Amino acid sequence: MKRRVVVTGLGCVSPLGNTVEETWAGIKEGRSGIDKITAFDTTDFSVKIAGEVKNLDVGQWIDKKEARKMARFCQLAAVASAQAIQDAGLSKETIDSKRTSIVLGCGIGGFEVTEASMKKYFEVGPSRIPPLSIPMLIGNEGAGNVSMLFGIKGPSWTLQTACASSTDALGLALDQIRSGRVDMCVAGGTEGAVTGFSIGAFSVLKTLASSYNDNPTKASRPFDKNREGFVMGEGSAILILEEYEHAKARGAKIYCEFAGYGGTSDAYHITSPDPSGDCGALALQLALEDAEIKPEDLQYYNAHGTSTFINDSSETAMLKKALGNHAYKMKVSSTKSMTGHCLGAAGALEALICVKAMEDNIYPPTMNLENPDVEHGCDLDYVPNKAQKAENGLNCVASGSLGFGGHNGVVVLRKLAD
């Protein structure tokens, strides 16, 4: 018998808002969080837009002195974790520190620290590298800082599987709780990579949308014929995962059940997903099997949906292979059309959106879908341009992430059934 795992707390910071409520309101409205970049001077850049976190008062959630020792991705993780722990009705004093773990996904880490430190190195010399450069920039410090802030003494792990990082982190957290190693996990992802080097590097890789600098809200257009690349985003999303009986015993509010996870590797290419969608389909099938759910029970899939030519067509092929004709009967959407692509944080943010979608019985929209790319197979119901009410309730959803290097991860969530 598998130990059942439930979601008891949510926290997030995103381009749509600095709380779960603000972010979810933006999703329901179909509002875009993509705008001109403010983090650095984009004069010499071909891409001048991103989904930035805006007007965040870090000191509202964590000590400002501690925050100054953190890179942006760590600050975002700390804020989202503080929100989620509070939402779960917990605190540093009430968390069972030795029976709680942390698993975060982070694709890149502290790029802004790397850039500033390297500048000092090349311009002044090695003796002038800031002393905290390494402990600020390395990717594990998001989980490490959350551990120290909240006194969590179970394992604190960081998973780095590119854009699938936080979906895989949720899957690892699920296994930790099921195995009995812990009763609770602070799980999710974080990314703060809207920097000059990051935007420049992804630009020369030809993966970013570059023709919408004067119309940022239209730039991310998954499954649309005129898509040209993804839009960089940043943020953090955290889910408190908890063993069901443990949650019941403390009278926790339960959002839903975290029912299953599946992960595979394409073994195909360092940046491109396999156009066939074969291993992505297998990840979805494994997640459904793990959740003991039939394909026809799945009502909604939050797509990786990056707005790149190869991803959107291969992911649609993946759904058709995994679900057969049912792929045409269910709803699919990409909320990256509003948030941009938050890289290592994307999967957790989209899983959180799925939780809220079930709570409100709403199918999130795919914005900017004006001409579906039917010619290349993008012919499913992508909930175009406006959120839709799930008239018969929304009880079972999945969210998938596909990362550079061929990493595929899928999670399945459902309303709790006794």
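This text goes with the structure placed above it.
For clarity, every value in this text was computed on a predicted model and none was experimentally measured. (Residues numbered from 1 in each chain as written. Predicted model: local features only at pLDDT ≥ 70, side-chain atom pairs only at ≥ 80, totals over all residues. Heavy atoms only, no water.)

(A) The overall build of the chain, seen in detail. A count of helices and strands for the chain gives 13 helices and 14 strands. Relative to its length of 418 residues, the chain is compact, with a C-alpha radius of gyration of 20 Å against a globular reference of 22 Å. In terms of its C-alpha atoms, the chain occupies a principal-axis envelope of roughly 60 × 55 × 40 Å. Expressed as a percentage of its 418 residues, the buried residues of the chain come to 60%. Pairs at least 24 apart in sequence give 79% of the contacts found in the chain among residues at least 6 apart. In the chain, 41 side chains carry a positive charge and 49 a negative one; their mean positions are 3 Å apart. (Helix = DSSP H or I, 4+ residues; strand = E, 2+ residues; numbered from the N terminus. Rg over C-alpha atoms; globule rule 2.2 N^0.38 Å. Buried < 20%, exposed > 50% of the residue type's maximum accessible area, 1.4 Å probe, protein only. Contact = heavy atoms within 4.5 Å. Lys, Arg positive; Asp, Glu negative; His and termini not counted. Charge placed at Lys NZ, Arg CZ, Asp CG, Glu CD.)

(B) Geometry of the environment of Gly 9. Relative to the helices and strands, Gly 9 resides in strand β1 (residues 5-13). Spatially, the C-alpha atoms of Gly 9 and Gln 83 are 8.2 Å apart, while their sequence positions differ by 74 residues. In this view, Gly 9 contacts Ala 84, Asp 87, Ala 88, Ile 238, Leu 239, Ile 240 and Tyr 255; residues no more than four positions away in its chain are not counted.

(C) Broad picture of the pattern of salt bridges. Under the defined criterion, the tally for this structure stands at 24 salt bridges. For Arg 4, the salt bridge is made with Glu 257, and the minimal N-O distance between the two is 3.3 Å. You can see Arg 4 sitting in the segment before β1 and its partner Glu 257 sitting in strand β8 (residues 256-265), a full 253 residues away along the chain. Arg 4 gets classed as partly exposed once you look at its relative accessible area, which sits at 27%. (Salt bridge = Lys/Arg side-chain N within 4 Å of Asp/Glu carboxyl O.)

(D) Focus on unusual backbone geometry. The backbone of Asn 55 shows a phi angle near 55°, a positive value even though the residue is not glycine. Turning to its location among the elements, Asn 55 is positioned in the loop between β3 (49-50) and α2 (64-67). Phi at Asn 361 is positive, roughly 55°, even though this residue is not glycine. Relative to the assigned elements, Asn 361 resides in the loop between α13 (346-360) and β11 (362-363).

(E) How the structure looks around the layout of surface pockets. Taken as a whole, the largest pocket encloses approximately 520 Å³ of empty space. As for the largest pocket, its lining consists of 29 residues, and the residues nearest its centre are Cys 163, Thr 207, Phe 230, Thr 271 and Phe 404. Contributions of two or more residues to the lining of the largest pocket are made by α8 (196-204), α11 (309-323), β13 (396-403) and β14 (407-414). Of the residues belonging to the lining of the largest pocket, the class tally is twelve nonpolar, 14 polar and three charged. Approximately 210 Å³ is the volume attributed to the second largest pocket. Together, 13 residues line the second largest pocket, and Lys 2, Arg 4, Glu 257, Glu 292 and Arg 414 are the ones closest to its centre. (1 Å grid on protein atoms, 1.4 Å probe; cavity = no way out; pocket = protein on both sides within 12 Å on 5 of 7 lines; lining within 4 Å. Points joined across faces, edges and corners; volume = space filled by probe spheres on them. Nonpolar A, V, L, I, M, F, W, Y, C, P; charged D, E, K, R; others polar.)

(F) Representation of empty space enclosed by the protein in the model. Overall, the coordinates contain one cavity of 30 Å³ or more when judged by the stated rule. Lining the largest cavity, in full, are Asp 266, Pro 273, Asp 274, Gly 277, Asp 278, Cys 279, Gly 280, Ser 314, Glu 315, Met 318, Leu 402 and Asn 408. Put simply, the parts of the chain that give the lining of the largest cavity at least two residues each are α10 (278-291) and α11. Residues that form the lining of the largest cavity fall into these classes: four nonpolar, four polar and four charged.

(G) Expanded view of the packing of helix α3 (residues 72-87) against helix α6 (residues 141-150). Taken N-terminus to C-terminus, the directions of α3 and α6 make an angle of 45°; their axes are 9 Å apart at the nearest point. On the basis of the axis angle, α3 is oblique to α6. Crossing of α3 against α6: the hand is right-handed. Facing α3, whose interface residues are Phe 73, Cys 74, Ala 77, Ala 78, Ser 81, Ala 82 and Ile 85, α6 presents Glu 141, Gly 142, Asn 145, Val 146, Leu 149 and Phe 150. (Axes fitted to C-alpha atoms, helices over the stretch in contact; angles between N-to-C directions. Parallel < 35°, antiparallel > 145°, perpendicular 65-115°, else oblique. Left-handed = near helix turned anticlockwise from the far one by under 90°.)

(H) Broad picture of the packing of aromatic side chains. Per the stated rule, a full pass over the model turns up seven aromatic pairs. Between the aromatic rings of Tyr 300 and Tyr 363, the centroid separation amounts to 6.2 Å while the plane-to-plane angle is 55°, which identifies the pairing as tilted. Of the two residues, Tyr 300 sits in strand β9 (residues 300-302) while Tyr 363 sits in strand β11, which places them 63 residues apart along the sequence. Taken individually, Tyr 300 and Tyr 363 each receive the classification buried, so the pair is uniform in this respect. (Phe/Tyr/Trp six-rings, centres within 6.5 Å; stacked < 30°, edge-to-face > 60°.)

(I) Region of the structure containing the sheet that holds strand β6 (residues 184-191). If you walk across this open sheet you meet the ten strands as β5-β4-β6-β7-β1-β8-β14-β13-β9-β10, and the pairing is mixed. Lying at the two open borders of the sheet, with one neighbouring strand each, are β5 (156-159) and β10 (331-333). Across the sheet, the axes of successive neighbouring strands diverge by a mean angle of 25°, strand direction being ignored. Examined bridge by bridge, β13 and β14 share eight bridges and lie antiparallel to one another. (Pairing = 2+ DSSP bridges.)

(J) Looking closely at the nonpolar core. Within the largest apolar cluster, 46 residues are counted, with the highest numbers of intra-cluster contacts made by Leu 10, Leu 170, Leu 239, Leu 241, Phe 258, Leu 394 and Leu 413. When residues of this core are assigned to their parent elements, the largest contribution, ten residues, is made by α13. Those residues in contact with Phe 258 that sit more than four places away from it in its chain are Val 5, Val 6, Leu 170, Gly 171, Leu 174, Leu 241, Val 411, Val 412 and Leu 413. (Core = buried A, V, L, I, M, F, W, Y, C linked by side-chain atoms within 4.5 Å.)

(K) Looking closely at the packing of helix α7 (residues 165-179) against α13. Interhelical geometry of α7 versus α13 gives an angle of 65° and a closest axis separation of 5 Å. Looking at the two axes, α7 sits roughly perpendicular to α13. When α7 is examined against α13, the residues Ser 166, Thr 167 and Leu 170 are found in contact with a partner set consisting of Ala 346, Gly 347, Ala 348 and Ala 351. Here the contact of α7 with α13 is composed, by residue class, of four nonpolar, three polar and no charged.

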